[in-house]
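Observations on chain architecture
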Amino acid sequence: MNDLEELVQAASADFAAALTPAQLEDAKARYTGKSGRVTELLKGMAALTPEEKKTRGAAINETKRRIEAALTERREALAAAQLEAQLRAEALDVTLPGRQRGVGGLHPVSRTMERIEQIFASMGFDVADGPEIETDWYSFTALNNPENHPARSMQDTFYVDLNDEAGRPLCLRPHTSPMQVRYSRVHAQRHAGLEPMPEIRVIAPGRTYRVDSDATHSPMFHQCEGLWIGENVSFKDLKAVFTDFFRTFFETDDLQLRFRPSFFPFTEPSAEVDIAFADGPLKGRWLEVAGSGQVHPNVVRNFGLDPERYIGFAFGMGPDRLTMLRYGVNDLRLFFDGDLRFLGQFK
Ligand code: DAH
């Protein structure tokens, strides 16, 4: 093998040994670079006769051409290998099963709230929403619960470290009853001058807060307020609304209802509402499900209405309690622990 043939072999071997484009460029420099072996051969031709230059020159040029061809071939091989590796790294296995998206579900108490809203809406009640941080006036005073009155301590209220415009502390509303006043004042204003004023018929479901915690009480719980005010609305209407509501809610006509005298500052007379099922695991037991009463004249006045003319009833019930009864759950805290093993059962 002559020296040129050897050079081509050496270059091809070097190129084959290069595993990256950078290594290949290094190898190339050793042959066709400024002081590479091919370049040195060309420089060495200066000493030759013109005749020798002709044959030697052609031979060297052929060598160079072959080395460059080997280089190009290796470059292309490396590029192809790199592409191949990249494709393999980014490959998608389309036969993999997809990632499952969990099927969500409504919280059982949310289901109850929606159910309450639907049933009352079907009886012509509006659904109102209101602030959970409430003023002292709306929470108590407007509801005929004057400052320092012992009835205020019926509720262990959470106070907030902020005062309202009257300089009285704000609180987390201990009941949804403030919504009676908020809604009615807007209603009375909006319909001022209309004769007769359209009746007020509204429910206000939402979150409420009290310092209270055991199997049947949680510091955050839910209430649904109800209010029906007109010129001729009586307890008889309240009984009809409740009977209809509870029968629809529990999907049974075999359900009894009773009113038990009670006290609330904002109603006079006041009553607790109990229901009893004719069947099922709770058969025959009286279960307390709501507070209610005829709205007190002082409260009607705070609605911005004339209590001599407008009269009606209000009620407050506990959607948490209704959820427990409907699904047979005996610990309220389960609803708020956020344990998906429990909540998932209601999907
Ligand atoms: N706000 C009362 C409570 O938290 C529930 C209630 C009772 C609301 C009687 C009413 C009502 O509107 O008339 O215990």
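Preceding block: the structure.
In this report, we go over the structure that sits alongside the text. (Residues numbered from 1 in each chain as written. Predicted model: local features only at pLDDT ≥ 70, side-chain atom pairs only at ≥ 80, totals over all residues. Heavy atoms only, no water.)

Before going further, it helps to examine the packing of aromatic side chains. Within the structure shown, the criterion is met by 20 aromatic pairs. Measuring from ring centre to ring centre gives 5.8 Å for Phe264 and Phe266, while their planes differ by 20 degrees; the resulting arrangement is stacked. The exposure class of Phe266 is buried, given its relative accessible area of 10%. Judged by centre distance (4.9 Å) and plane angle (75 degrees), the rings of Tyr327 and Phe346 are edge-to-face. Here Tyr327, found in helix H10 (residues 319–327), pairs with Phe346, found in the segment after helix H11 (340–343); they are 19 residues apart in sequence, far enough to count as distant. A relative accessible area of 10% means that Phe346 is categorised as buried. Taken together, the aromatic side chains of Phe120, Phe125, Trp228, Phe242, Phe245, Phe246, Phe249, Phe250, Phe277, Phe313 and Phe315 make up a single cluster linked through ring pairs. Sitting above the plane of the Phe249 ring, Arg115 keeps its charged end 5.2 Å from the centroid. (Phe/Tyr/Trp six-rings, centres within 6.5 Å; stacked < 30°, edge-to-face > 60°. Buried < 20%, exposed > 50% of the residue type's maximum accessible area, 1.4 Å probe, protein only. Helix = DSSP H or I, 4+ residues; strand = E, 2+ residues; numbered from the N terminus. Lys NZ or Arg CZ within 6 Å of the ring centre and 35° of its normal.)

With that settled, the discussion passes to the site of the ligand. Not every one of the 16 residues close to the ligand is listed here, only the nearest: His175, Ser177, Arg210, Gln223 and Glu225. Contact distances for the ligand include 3.0 Å between an oxygen atom and a side-chain N or O atom of Gln180. Contact distances for the ligand include 2.6 Å between an oxygen atom and a side-chain N or O atom of Glu225. Surface burial for the ligand is 91%, taken as the share of its 350 Å² of free accessible area covered by protein chains. Structurally, the ligand is housed in the largest pocket. Where the shell around the ligand is concerned, the elements lending two or more residues are strand E6 (220–230), strand E9 (287–295) and strand E10 (311–317). (Near = heavy atom within 4 Å. Polar contact = N/O pair within 3.5 Å; in protein donor to acceptor, adjacent residues only side chain to side chain. Areas by Shrake-Rupley, 256 points an atom, 1.4 Å probe, with all protein chains shown as cover. 1 Å grid on protein atoms, 1.4 Å probe; cavity = no way out; pocket = protein on both sides within 12 Å on 5 of 7 lines; lining within 4 Å. Sits in = over half its atoms within 2 Å of the grid points.)

Moving on, we come to helix H4 (residues 50–89). With 40 residues, H4 ought to run about 58 Å at 1.5 Å a step, and its terminal C-alpha atoms sit 57 Å apart, in line with that. Buried within H4 we find Gly57, Ile60, Thr63, Ile67, Ala70, Leu71 and Leu78. Those residues of H4 that are buried lie in contact with helix H1 (3–17), helix H2 (21–32) and helix H3 (37–43). (Expected span 1.5 Å × (residues − 1). Contact = heavy atoms within 4.5 Å.)

Looking now at the pairing of strand E5 (residues 200–209). Burial of E5 is extensive: eight of the ten residues sit out of reach of the surface. Alignment of strand E1 (residues 126–127) against E5, held across two bridges, turns out to be parallel. For Asp126, the partnering residue across the bridge sits in E5 and is Val202. One ladder, built from ten bridges, connects E5 with E6; its direction is antiparallel. Across the sheet, the residue bridging to Thr208 is Phe221, located in E6. (Pairing = 2+ DSSP bridges.)

As a further point, take the pattern of salt bridges. Using the criterion set out here, one finds 21 salt bridges in the structure. Put simply, Glu251 and Arg326 hold a salt bridge, and the shortest N to O gap is 3.4 Å. Within this pair, whereas Glu251 is found in the loop between helix H8 (235–250) and strand E7 (255–264), its partner Arg326 is found in helix H10, the two being separated by 75 residues in sequence. Overall, the relative accessible area of 60% leaves Glu251 in the exposed class. For Arg333, the salt bridge identified is with Asp331, shortest N-O distance 3.1 Å. (Salt bridge = Lys/Arg side-chain N within 4 Å of Asp/Glu carboxyl O.)

A separate point is the packing of H8 against H10. At a closest axis distance of 11 Å, the pairing of H8 and H10 adopts a crossing angle of 45 degrees. For the element pair H8 / H10, the angle class is oblique. Residues Phe245, Phe246, Phe249 and Phe250 of H8 lie in contact with H10, whose contacting residues are Leu322, Leu325 and Arg326. (Axes fitted to C-alpha atoms, helices over the stretch in contact; angles between N-to-C directions. Parallel < 35°, antiparallel > 145°, perpendicular 65-115°, else oblique.)

Ranked by internal contacts, the top residues of the largest apolar core, which has 30 residues, are Phe120, Phe245, Phe246 and Met317. When residues of this core are traced back to their parent elements, those giving at least two are helix H5 (108–122), E6, H8, E7, strand E8 (267–277), E9, E10 and H10. Top element by residues in this core is H8. It accounts for seven residues. What Phe120 contacts, discounting residues up to four positions off in sequence, is Phe125, Ile203, Val241, Phe245, Phe315 and Met317. Judged by nonpolar contacts, the second largest core, of 23 residues, contains Val181, Ile200, Phe266 and Ala314. (Core = buried A, V, L, I, M, F, W, Y, C linked by side-chain atoms within 4.5 Å.)

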